[in-house]
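Here's the letter readout for the chains.
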Amino acid sequence: MDLLALADFNLVARHGGFGRAARETGRPKATLSRRVGELESNLNIRLFERGSRVLKLTEEGRALFERTAVLLTELDETAAAIASGGHNPRGRLRISAPLLFSQIAMGKLAAGFALKYPEIRLEITTEDRPVDMVEEAYDLVIRVNPKPDANLVGRVFLHDRLVIVASPRLAPSADGAAIPAVVHGAISQATIWEFSTPSGQSSASVNPVLGLSSLVMVRDAVRMGVGVARLPVSLVSPDLAAGTLVRWGDVEGPGTALWALYPTRRLLSARVSAFLEYLREAFPQGTPDELAAYLRQ
């Protein structure tokens, strides 16, 4: 098999088209098209479905891309390491991370990682949706309580838990009347929130009056005294310490876990290993208090 043609096929598959691959890499579009055509002829299979505006991998093309993309990357890294006479991680590292963690921590983590590994080109995309790591060319994804996936492996690097907080101006109802609440997501009907306190189990009747799509927005609204809310303790720890928010209790349940995941079929690249180790150094115990302390630094 022609490795140059295979490399050009991977470029086109990764960028989603001949034109985009040509613009991103500086390679002539005609050369990429010719080499992919030659690869299809040699393999006697069609790798792309070519439409007037859309280029999509066929089933065979996707299988070839999944099996060869990482191998080609490893070859490039090995050649670069040998040429440089060292073993420092280098190349592009693409990570997908959830919105809240990105807002409060990823900027600081990314900057520290970039300073420690200047030869790695780090790209971080913020989104909560599940991503196709192979088709979208991600090396690592960070997710909160992900569903089991046989195609992914990884490790938990942080734990968090939900607490019920409110402005000091908002006191629990003495007569059981519903308390205004700020919720993450759509507004629902009035309900009962149960929580634990140092003195035992307790509950409160709440009436959601404000629904927001970001937990940071929920925290800011609660600071203004709009209502009570359930929020990660790491997000409100500074407010609790300063007295701008008060803690009514802890939400019962297993809490949340942040996972760093990568595909099982991939060899663990030096770049991914370096980032996983960097997360371990930043959060050696992986506790909510550790995250809160990291954010205060």
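All of these numbers come straight from a predicted model, not from anything done at the bench.

Q: Give me the lowdown on the overall build of the protein, citing residues and values where you can.
A: For the protein, the helix and strand inventory stands at nine helices and 13 strands. Expected size for 297 residues packed as a compact globule is a radius of gyration near 19 Å; at 24 Å, the protein overshoots this value by more than 25%. Across its three principal directions, the C-alpha atoms of the protein cover 80 × 45 × 30 Å. Out of the 297 residues in the protein, the part that is buried amounts to 43%. For the protein, the share of sequence-separated contacts (at least 6 apart) that also reach a separation of at least 24 residues comes to 73%. Side chains of the protein carry 34 positive and 32 negative charges; the gap between the two charge centres is 4 Å.

Q: I'd love a proper account of the packing of aromatic side chains, names of residues and values included.
A: Within the structure shown, the criterion is met by eight aromatic pairs. An angle of 55° between the planes, with centres 5.5 Å apart, marks the rings of Phe9 and Phe48 as tilted. Of the two residues, Phe9 is situated in helix α1 (residues 3-15) and Phe48 in strand β1 (residues 48-50); the sequence distance between them amounts to 39 residues. For the pair Phe113 and Tyr278, a centre-to-centre distance of 5.7 Å together with 75° between the ring planes defines the contact as edge-to-face. Pair noted here: Phe113 is in helix α5 (residues 99-116) and Tyr278 is in helix α8 (residues 270-282), with a separation of 165 residues, a long-range link. The rings of Phe101, Phe157, Phe283 and Tyr294 are connected pair by pair, giving a single aromatic cluster. Its guanidinium or amino end placed over the ring of Tyr138, Arg94 lies 4.4 Å from that ring's centre, counting from NZ or CZ. Lying over the aromatic face of Tyr294, Lys108 brings its terminal NZ or CZ to 4.4 Å of the ring centre.

Q: Please provide a residue-by-residue account of a nonpolar patch on the surface, values included.
A: Taken together, the side chains of Val209, Met224 and Val226 define a hydrophobic patch exposed on the protein surface, amounting to about 270 Å² of accessible area. Considering the arrangement of structural elements, one finds Val226 in the loop between α6 (215-223) and β11 (229-232). The exposure class assigned to Val226 is partly exposed, which follows from its relative accessible area of 34%.

Q: A description of the packing of α5 against α8 should follow, citing residues and the corresponding values.
A: Axis separation between α5 and α8 bottoms out at 11 Å; the angle between their running directions is 120°. Classed by the angle they form, the pair α5 and α8 counts as oblique. Of the two elements, α5 crosses α8, and the hand of that crossing is right-handed. Of the residues in α8, those touching α5 at Met106, Leu109, Gly112, Phe113 and Lys116 are Arg271, Ala274, Phe275, Tyr278, Leu279, Glu281 and Ala282.

Q: Can you lay out α1 for me, pointing to particular residues and giving the numbers?
A: Its 13 residues place the ends of α1 18 Å apart at the C-alpha level, agreeing with the 18 Å of an ideal helix rising 1.5 Å per residue. The set of residues buried in α1 consists of Ala5, Leu6, Asp8, Phe9, Asn10, Leu11, Val12, Ala13 and His15.

Q: Please give an account of the pattern of salt bridges that cites residues and values.
A: One pass over the structure, following the stated rule, counts 16 salt bridges. One salt bridge connects Arg94 with Glu123, and the closest N-O pair in it is separated by 3.2 Å. Here the residue Arg94 occupies a position in strand β3 (residues 91-97), and Glu123 occupies one in strand β4 (residues 120-126), the gap between them amounting to 29 residues. Judged by its relative accessible area of 33%, Glu123 is partly exposed.

Q: Tell me about the pairing of strand β5 (residues 140-144), residues and numbers included.
A: Within β5, four of the five residues are buried, which leaves it mostly tucked inside the rest of the structure. In this structure, β3 lies alongside β5, joined through two bridges in parallel fashion. From the neighbouring strand, Ile95 faces β5, where its bridge partner is Leu140. Relative to strand β13 (residues 256-263), β5 runs antiparallel, the two sharing four bridges. Note on β13: the bridge partner recorded for Arg143 is Trp259.

Q: Residues and numbers for the environment of Ala174, please.
A: Secondary-structure assignment places Ala174 in the loop between β7 (162-166) and β8 (179-184). For Ala174, a relative accessible area of 87% translates into the label exposed. Remark: the alpha-carbon pair of Ala174 and Thr58, spanning 116 residues in sequence, is separated by 64 Å.

Q: Residue-level account of the nonpolar core, with values.
A: Within the largest apolar cluster, 27 residues are counted, with the highest numbers of intra-cluster contacts made by Phe101, Leu109, Ile142, Phe157, Phe275 and Phe283. Elements with a contribution of two residues or more to this core: β3, α5, β5, β6 (152-160), β13, α8 and α9 (288-296). A total of seven residues in this core trace back to one element, the largest contributor, which is α8. Dropping the residues within four chain positions of it, Phe283 is found in contact with Phe101, Leu109, Phe157, Leu158, Glu290, Leu291 and Tyr294. Judged by nonpolar contacts, the second largest core, of 20 residues, contains Phe18, Leu55, Leu64 and Ala69.

Cut-offs used in this document
- Residues numbered from 1 in each chain as written.
- Predicted model: local features only at pLDDT ≥ 70, side-chain atom pairs only at ≥ 80, totals over all residues.
- Heavy atoms only, no water.
- Helix = DSSP H or I, 4+ residues; strand = E, 2+ residues; numbered from the N terminus.
- Rg over C-alpha atoms; globule rule 2.2 N^0.38 Å.
- Buried < 20%, exposed > 50% of the residue type's maximum accessible area, 1.4 Å probe, protein only.
- Contact = heavy atoms within 4.5 Å.
- Lys, Arg positive; Asp, Glu negative; His and termini not counted.
- Charge placed at Lys NZ, Arg CZ, Asp CG, Glu CD.
- Phe/Tyr/Trp six-rings, centres within 6.5 Å; stacked < 30°, edge-to-face > 60°.
- Lys NZ or Arg CZ within 6 Å of the ring centre and 35° of its normal.
- Patch = residues over 30% accessible without salt bridge, like charges linked within 9 Å, V, L, I, M, F, W, Y side chains within 5 Å.
- Areas by Shrake-Rupley, 256 points an atom, 1.4 Å probe, with all protein chains shown as cover.
- Salt bridge = Lys/Arg side-chain N within 4 Å of Asp/Glu carboxyl O.
- Axes fitted to C-alpha atoms, helices over the stretch in contact; angles between N-to-C directions.
- Parallel < 35°, antiparallel > 145°, perpendicular 65-115°, else oblique.
- Left-handed = near helix turned anticlockwise from the far one by under 90°.
- Expected span 1.5 Å × (residues − 1).
- Pairing = 2+ DSSP bridges.
- Core = buried A, V, L, I, M, F, W, Y, C linked by side-chain atoms within 4.5 Å.

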